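The lines below spell out each chain.
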Amino acid sequence: MNGDIFSFQHPLSYGSFNAVPLTAVRCPRKTKTSEKPRVTIPTIPRINRAMKSLRRGREIVRVLLKHGFAETLSDSGLAKWAKDTLEMDLFSVSPEEQKLSRNQRIRRVIEDLGPTFIKIGQILSTRPDLLPIDLVDELKKLQSDVAPVPFEKINDALLQEFGDRLSTLFTFIDPKPLGSASLAQTHRARLNSGETVVLKILRPGIRSQLEADIAILREIARLTESQFSNLGFSPLDVCAEFTAELERETDYFREATSTERLSALFLSDPGVRFPRVYRHASTSNVLALEEVEGILISHSDPSSIDPKIRRKAVENATRAVFKQCLEYGFFHADPHPGNIFILPDGAICFVDCGMTGHLEERTSQDIARLCSGIVTSDLDEIIEVVRSLTSADPGVMRSRSFRNDLWQLVSQFQHGTLESLNIGALLSEFFSLLRRYHIRCPSDLVYLIKALTTIEAVAASLDPSFDLIDYVYPYLEQLIRKRYGPGAIARRTRRSMAGYFELLEDLPKHLQNLIDQLLNDRFQVHLEHRGLHDLTDTLVSVGRKLSSAVTLAALLVGSSILILADNMRGAGPSIASAIGAIGYAISSAAALSSMIAFWRGR
């Protein structure tokens, strides 16, 4: 989470412990053996979910209008619905709102829409490959501190999670929250074994709210994708990515596993710690973590910390993040000051491991190639790395404009060395270039860059004299050596030779199968047409309209012939005239219906 969910009264202690005895906490009444326990099925009827989404949709439209986004609603076709349904003046915006920039108003919209949109806004603030840098900077100001949930509701949520075990697990639970963020709330508690823990509790009702908001966002993404084709990315894919990220961050079993995994990686490093997880007191909605006694960086004045402790903490934090990212391939993706404690001995402890990233060995090697290519000004190598790391269009990669812009980026570091490489500046420029050409990066690579640039900013705030590049140079050098060293070359050669031998071994068998199919007239080539659905639908629509027009014309001509023939008889109106009149009426009604349908379609 992006909020300072661990907030304390004093930098080195937690202050007074105003806990309440667990006897004051309500426990569920035990049922008699003859009674069947009531089972609550966590399902919502489709009609209720639809009505809830409709109410939420109206609320979203109201907030957009309040902050001056009537034009956006007009472009999406919702303006008339908003005016008729909500009875609001579309262009009535307060003078205060008119003074704000568009990006500031976007941030206010997100804050007014509540926890789901705040969390999505925080995720978007990590994606400079999708949004302009100035909007990303504005979204970084989003605060996840929200009004706390009353303890009665938190208590009910704990009872629902643990039932009768609640009284045997905890002896005290502090009703005063330590912190309240967009998705969770934390309370200090004491286990029956005597350890003091921090309970991270998912906000009651947040899952149903997430479900309704995500359903609306999915419809917005579908509308956006159908209306705009030059965004450079798929809004539906981005929505699916955000949905998966929200699911990960609200699954505390997953966060518990990530915390334990990261802790195991640094067991031999006394300068890096992660809180202990109490599995027996945790569920998918509640996470029990060790209480960390130290200074939360976001709640401290760096000048009040001993310089030696600061330097040691910066070294430990930098080493931890770079080892996670470049050596282990599994990393804490949100190491901001609100998630890092400085312990009394200068060690650091990371908390809130809900957002993590994973890099396979190939991606780590590509990053090494990128650093090496920039230092050696090898443009072709850098382009190959970009093609390997992203899903860029080959035509864009070959274009003269892309190569020129990439060369402008590389030339800034042309006469530098690996020691002088400014990672933050390099990656920011790199992202700006990719966004200009609508090139999307995988989310884990974005999280990697976010983790590296975040810890660089943390180091600069704690100790401006700390030379981060000089400190991490051995890790970058080791990464490049791992890619280009004799051992790495030998491993790749053995792997390639093994693949060639397998190909040669299987080649006779595949050739025999091909020859058998040719001799027996069983050789088939399957072609798949893509992108013809719209053309097919258009042809079907045109065919239907032509057949309707021909039928209508035939009806008019036939009716005219019947009436004309009856008039030529001169014996007065007959059944033929009646049939002709009916034909005229039907054709007139059909023509009018077609005109109305055409007008509505426009």
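Scroll up a little and you will see the structure.
Along each chain, the written sequence defines residue order, and numbers are assigned to residues from 1. Side-chain atom pairs in this predicted model are given and counted only at pLDDT of 80 or more, local residue features only at pLDDT of at least 70, and totals for whole chains, interfaces and linings cover all residues. Only heavy atoms go into the side-chain values, all of them from the structure, while hydrogens and water stay out.

Observations regarding the overall build of the protein
Only DSSP runs of H or I with at least four residues qualify as helices, and only runs of E with at least two residues qualify as strands; both kinds are numbered from the N terminus onward. Across its full length, the protein carries 23 helices and 12 strands. When the 602 residues of the protein are sorted by exposure, 42% land in the buried category. Note on definitions: a residue-residue contact is assigned when non-hydrogen atoms from the two residues lie within 4.5 Å. Taking as baseline every contact in the protein between residues at least 6 positions apart, the subset at least 24 positions apart corresponds to 70%. Exposed residues in this analysis have more than 50% of their type's maximum accessible area, buried residues have under 20%, and partly exposed residues fall in between, with area computed by a 1.4 Å probe over protein chains only.

Description of the packing of helix α13 (residues 307–328) against helix α19 (residues 443–462)
Angles run from 0 to 180 degrees between N-to-C directions of axes, and those axes are lines fitted to C-alpha atoms, restricted for helices to the stretch in contact. Interhelical geometry of α13 versus α19 gives an angle of 175 degrees and a closest axis separation of 10 Å. With respect to each other, α13 and α19 are oriented roughly antiparallel. Contacts from R310, V314, A317, T318, V321, F322 and C325 of α13 reach α19 at L448, A451, L452, I455, A459 and L462. Tallied by class, the residues present in the contact of α13 with α19 amount to 11 nonpolar, one polar and one charged. Roughly parallel refers to an angle under 35 degrees, roughly antiparallel to one over 145, roughly perpendicular to one between 65 and 115, and oblique to any angle outside these ranges. All amino acids are sorted into three groups, where Ala, Val, Leu, Ile, Met, Phe, Trp, Tyr, Cys and Pro are nonpolar, Asp, Glu, Lys and Arg are charged, and the leftover types, Gly among them, are polar.

Digging into the packing of helix α6 (residues 115–124) against helix α11 (residues 235–249)
One way to put it is that α6 packs onto α11 with a least axis distance of 11 Å and a crossing angle of 110 degrees. Judged on the interaxial angle alone, α11 and α6 are roughly perpendicular. The hand of the α6/α11 crossing is right-handed. Of the residues in α11, those touching α6 at K119, I120, I123 and L124 are F242, E245, L246 and E249. With the far helix as reference, a near helix turned anticlockwise by less than a right angle produces a left-handed crossing, and one turned clockwise produces a right-handed crossing.

Here we look at the pattern of salt bridges
Throughout this description, the term salt bridge denotes a Lys or Arg side-chain nitrogen within 4 Å of a carboxyl oxygen of Asp or Glu. Following the criterion strictly, the structure yields 14 salt bridges and no others. One salt bridge in this structure joins D352 and K200, with 2.8 Å as the shortest N-O distance. Taken together, the residues D352 in the loop between β11 (348–350) and β12 (356–358) and K200 in strand β5 (residues 196–202) connect sequence positions 152 residues apart. A single burial state applies to D352 and to K200, both of which are buried. Residues participating in the shared-partner salt-bridge network are R107, E111 and E138.

Structural notes on the nonpolar core
Here, nonpolar core means buried Ala, Val, Leu, Ile, Met, Phe, Trp, Tyr and Cys residues that are tied together by side-chain atoms lying within 4.5 Å of each other. Within the largest apolar cluster, 96 residues are counted, with the highest numbers of intra-cluster contacts made by C325, F331, I348, F350, F402, L406 and L448. Those residues in contact with F402 that sit more than four places away from it in its chain are I383, V386, V396, M397, L433, Y437 and I439. Counting 19 residues, the second-largest nonpolar core is a separate cluster that includes V197, I201, V286 and A288.

Some details on the packing of aromatic side chains
Aromatic contacts are taken between Phe, Tyr and Trp rings whose centres are within 6.5 Å, Trp giving its six-membered ring; a plane angle under 30 degrees counts as stacked, one over 60 as edge-to-face, and the others as tilted. Tallied over the entire structure, the rule returns five aromatic pairs. Aromatic side chains F162 and F170 sit 5.9 Å apart centroid to centroid with 75 degrees between the ring planes, which places their arrangement in the edge-to-face category. Taking relative accessible area as the criterion, F162 reaches 5% and is therefore assigned buried. Exposure remark for F170: the relative accessible area of 1% places this residue in the buried category.

Digging into the sheet that holds strand β8 (residues 295–296)
The strand order β6-β11-β10-β8 describes an open sheet built from four strands, whose pairing is mixed. In this open sheet, the two strands that pair with only one neighbour each are β6 (272–273) and β8. The pairing criterion for strands is at least two bridges between them, as found by DSSP. In the sheet, β8 pairs with strand β10 (residues 340–342) via two bridges, with the strands oriented antiparallel. Note on β10: the bridge partner recorded for L296 is F341. Those strands touched by α13 are β6, β10 and β11, and its axis lies near 40 degrees from that of β11.

Focus on the pairing of β5
The buried fraction of β5 amounts to six of the seven residues, a majority that puts the element mostly inside the structure. Where strand β4 (residues 184–191) meets β5, seven bridges bridge the pair, whose relative direction is antiparallel. Across the sheet, H187 pairs through a bridge with L199, a residue of β5. Between β4 and the antiparallel strand that follows it, β5, lie four residues; G194 among them carries a positive phi value of about 105 degrees. Bridging between β5 and strand β7 (residues 286–290) involves five bridges; their strand directions are antiparallel. Bridging from a neighbouring strand, L199 pairs with A288 of β7.

What about empty space enclosed by the protein?
The rule is simple: put a 1 Å grid over the protein atoms alone, call a set of points where a 1.4 Å probe fits but cannot get out a cavity, call an open set with protein on both sides within 12 Å along at least five of seven lines a pocket, and count a residue as lining if it has an atom within 4 Å of a point. Grid points are joined across faces, edges and corners, and a volume is the space filled by probe spheres set on the points. Taken as a whole, this structure holds five cavities of 30 Å³ or more when the rule is applied. In this model, the second largest cavity occupies a volume close to 50 Å³. Lining of the second largest cavity is provided by I297, A313, V314, A317, T318, I342, I348, I455, V458, A459 and L462. At the level of elements, α13 and α19 are the ones that each hand at least two residues to the lining of the second largest cavity. In terms of residue class, the lining of the second largest cavity is made up of 10 nonpolar, one polar and no charged.

Thoughts on the side chain of R188
Mapping R188 onto the fold places it in strand β4. Among the residues examined, R188 registers a relative accessible area of 4% and is labelled buried. We call two N or O atoms a polar contact when they sit within 3.5 Å, provided that within protein one can donate a hydrogen and the other can accept it, with sequence-adjacent residues counted only if both atoms are side-chain atoms. Of the polar contacts made by the side chain of R188, one reaches the side chain of E291; its length is 3.0 Å.

A few points about a nonpolar patch on the surface
A surface patch of nonpolar side chains, about 1100 Å² in accessible area, is lined by M497, Y500, F501, L504, L507, L511, L514, L518, F523, V525 and L527. Tracing the backbone through its elements, the reader meets L514 in helix α21 (residues 486–519). Take L514: its relative accessible area is 36%, and that puts it in the partly exposed class. In this analysis, a patch consists of residues with relative accessible area above 30% that form no salt bridge, clustered at 9 Å for like charges and at 5 Å for the nonpolar side chains Val, Leu, Ile, Met, Phe, Trp and Tyr. Every accessible area reported is derived by Shrake-Rupley at a probe size of 1.4 Å, with residue values counting cover from the shown protein chains alone.

Considerations on α6
Burial of α6 is extensive: 10 of the 10 residues sit out of reach of the surface. Buried within α6 we find P115, T116, F117, I118, K119, I120, G121, Q122, I123 and L124.

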